[in-house]
Amino acid sequence: MTSTEPRDLTTAIRPQLADQLSGLAWSARELTALTCRILAAEQHCFALAGQVTSRADNGSFWTVPWSPAFDAMTVNDVIRVDDDLNTLEGSAQPNPATRFHYWVYRARPDVNCIIHTHPPYISALSMIGRPLVISHMDATPLYQDVAFLPDWPGVPVADHEGELISEGLGDKRAILLAHHGMLTTGRTIEEATVLALMLEHAAKMQVRAEAIGEIRPIPEHLALEAKDFLLQPSVIQATYRSFADRVLRTDPDTLRAS
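This report concerns the structure included in the present document. (Residues numbered from 1 in each chain as written. Predicted model: local features only at pLDDT ≥ 70, side-chain atom pairs only at ≥ 80, totals over all residues. Heavy atoms only, no water.)

**Some remarks on the packing of aromatic side chains**
Here is step 1: Under the definition given, this model contains three aromatic pairs.
Here is step 2: With a centroid separation of 4.8 Å and 55° between ring planes, the pair formed by Phe61 and Tyr102 is classed as tilted. With a gap of 41 residues between them, Phe61 in strand 2 (residues 61–63) and Tyr102 in helix 3 (residues 101–107) connect regions that are remote in the sequence.
Here is step 3: Judged by its relative accessible area of 2%, Tyr102 falls in the buried class.
Here is step 4: Linked through ring pairs, Phe61, Tyr102 and Tyr105 together constitute an aromatic cluster.
Here is step 5: A cation over an aromatic ring shows up here: Arg246 above the ring of Phe243, its NZ or CZ 4.7 Å from the ring centre. (Phe/Tyr/Trp six-rings, centres within 6.5 Å; stacked < 30°, edge-to-face > 60°. Helix = DSSP H or I, 4+ residues; strand = E, 2+ residues; numbered from the N terminus. Buried < 20%, exposed > 50% of the residue type's maximum accessible area, 1.4 Å probe, protein only. Lys NZ or Arg CZ within 6 Å of the ring centre and 35° of its normal.)

What follows is the structure, given as structure tokens:
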């Protein structure tokens with residue numbers, strides 16, 4: 001085998017991960033609440049900024065209202081809305097900025113969850129117009145998969161902003177939004193959440209690395225190999241569960257329906 005030939009990195013861990021994840025069966029509504037708590041715990045939220053949406057039945061979507069804040073969200077606060085933001089299940093009104101998510105869903109049938117936040121290190125890069133650099137193993141699920149929107153269209157509460165962000169994202173999983181924040185997508189809620197955490201972590205590493213030297217690129221074939229490995233559903237779920245377990249140890253009432 002040469003150094004550039006692909007290797008099978010999954011054989012050794014697949015059975016162990018399957019055993020560890022056998023009891024994981026959270027509903028979309030529960031996952032939405034957990035995701036808000038995870039994002040808050042990882043410093044993704046400031047004031048009212050940020051939304052989480054995921055596809056539900058008959059063209060509807062699970063999302064969260066203006067309040068409570070992400071760090072106080074429970075399963076009781078999660079609502080279901082239609083594509084005009086009318087509340088179908090629950091009693092609260094959604095964040096109106098959720099509107100721009102629908103443009104991504106329309107363009108990307110492969111996307112089942114969208115997360116948008118303004119975390120500090122991504123926001124710092126967005127302020128100086130610097131795209132994200134993927135040069136560390138932990139960030140490789142985003143390798144060649146982060147778009148950059150260089151112009152800020154204003155607060156994304158209308159269709160124009162949705163069109164720009166959707167076009168800027170294209171077929172990638174994530175996008176850094178100049179003067180704004182970030183957006184990640186996923187085939188599942190767990191995937192979009194893990195990518196959001198990785199995106200901010202990558203930005204944090206980039207800011208620190210650039211303060212002491214020049215970032216060196218990683219070999220493309222190894223980056224793509226790591227990307228395929230770390231994006232496996234079993235690895236994504238195990239990663240998500242590690243963050244969710246921390247939330248539930250702190251506040252088990254997050255998933256306690258009234």
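There is more to say after this.
**Regarding the pairing of strand 7 (residues 174–177)**
Here is step 1: Side chains Ala174 and Leu176 of strand 7 all project onto a buried face; the interleaved residues Ile175 and Leu177 project onto the opposite face, where all are buried too.
Here is step 2: In this sheet, strand 7 lies alongside strand 6 (residues 146–149) in parallel orientation, the contact comprising four bridges. Residue pairing in the sheet places Val146 in a bridge with Ala174 of strand 7.
Here is step 3: Where strand 7 meets strand 8 (residues 181–186), four bridges bridge the pair, whose relative direction is antiparallel. Looking across to strand 8, one finds that Ala174 is bridged to Thr184.
Here is step 4: Taking the residues that link successive antiparallel strands as the turn, the strand 7-strand 8 hairpin has three residues, and the phi of His179 there is positive, at about 60°. (Pairing = 2+ DSSP bridges.)

**Considering the nonpolar core**
Here is step 1: Phe70 and Leu132 are the most contacted members of the largest nonpolar core, which totals 45 residues.
Here is step 2: For this core, the secondary structure elements donating two or more residues are helix 2 (28–41), strand 5 (113–117), helix 4 (120–127), strand 7, helix 6 (189–210) and helix 8 (233–250).
Here is step 3: Ranked by residues supplied to this core, first place goes to helix 6 with ten residues.
Here is step 4: In contact with Leu132, other than residues within four places in its own chain, are Ile122, Leu125, Val146, Leu176, Leu199, Ala202, Ala203 and Gln206.
Here is step 5: Grouped together as the second largest cluster of nonpolar side chains are 17 residues, Ile79, Leu85, Val111 and Ile165 included. (Core = buried A, V, L, I, M, F, W, Y, C linked by side-chain atoms within 4.5 Å. Contact = heavy atoms within 4.5 Å.)

**A short note on the packing of helix 2 against helix 6**
Here is step 1: Two elements in contact, helix 2 and helix 6, have axes whose closest approach is 10 Å; the angle formed by their N-to-C orientations is 5°. For the element pair helix 2 / helix 6, the angle class is roughly parallel. Mapping the contact onto sequence places Ala28, Leu31, Thr32, Thr35, Ile38 and Leu39 in helix 2 and Ile189, Glu190, Thr193, Ala196 and Leu197 in helix 6.
Here is step 2: Its residues assigned to classes, the contact of helix 2 with helix 6 shows seven nonpolar, three polar and one charged. (Axes fitted to C-alpha atoms, helices over the stretch in contact; angles between N-to-C directions. Parallel < 35°, antiparallel > 145°, perpendicular 65-115°, else oblique. Nonpolar A, V, L, I, M, F, W, Y, C, P; charged D, E, K, R; others polar.)

**A closer look at the layout of surface pockets**
Here is step 1: One number sums up the size of the largest pocket: a volume of about 460 Å³.
Here is step 2: Forming the walls of the largest pocket are 20 residues, and the residues nearest its centre are Asp138, Leu197, Met198, His201 and Phe243.
Here is step 3: Mapped by element, the contributors of at least two residues to the lining of the largest pocket are helix 4, helix 6, helix 7 (220–230) and helix 8.
Here is step 4: In terms of residues, the lining of the largest pocket owes the most to one element, helix 6, which gives six residues.
Here is step 5: Here the residues of the lining of the largest pocket are counted per class, giving twelve nonpolar, four polar and four charged. (1 Å grid on protein atoms, 1.4 Å probe; cavity = no way out; pocket = protein on both sides within 12 Å on 5 of 7 lines; lining within 4 Å. Points joined across faces, edges and corners; volume = space filled by probe spheres on them.)

Limitation: the analysis is restricted to geometry and does not speak to function.
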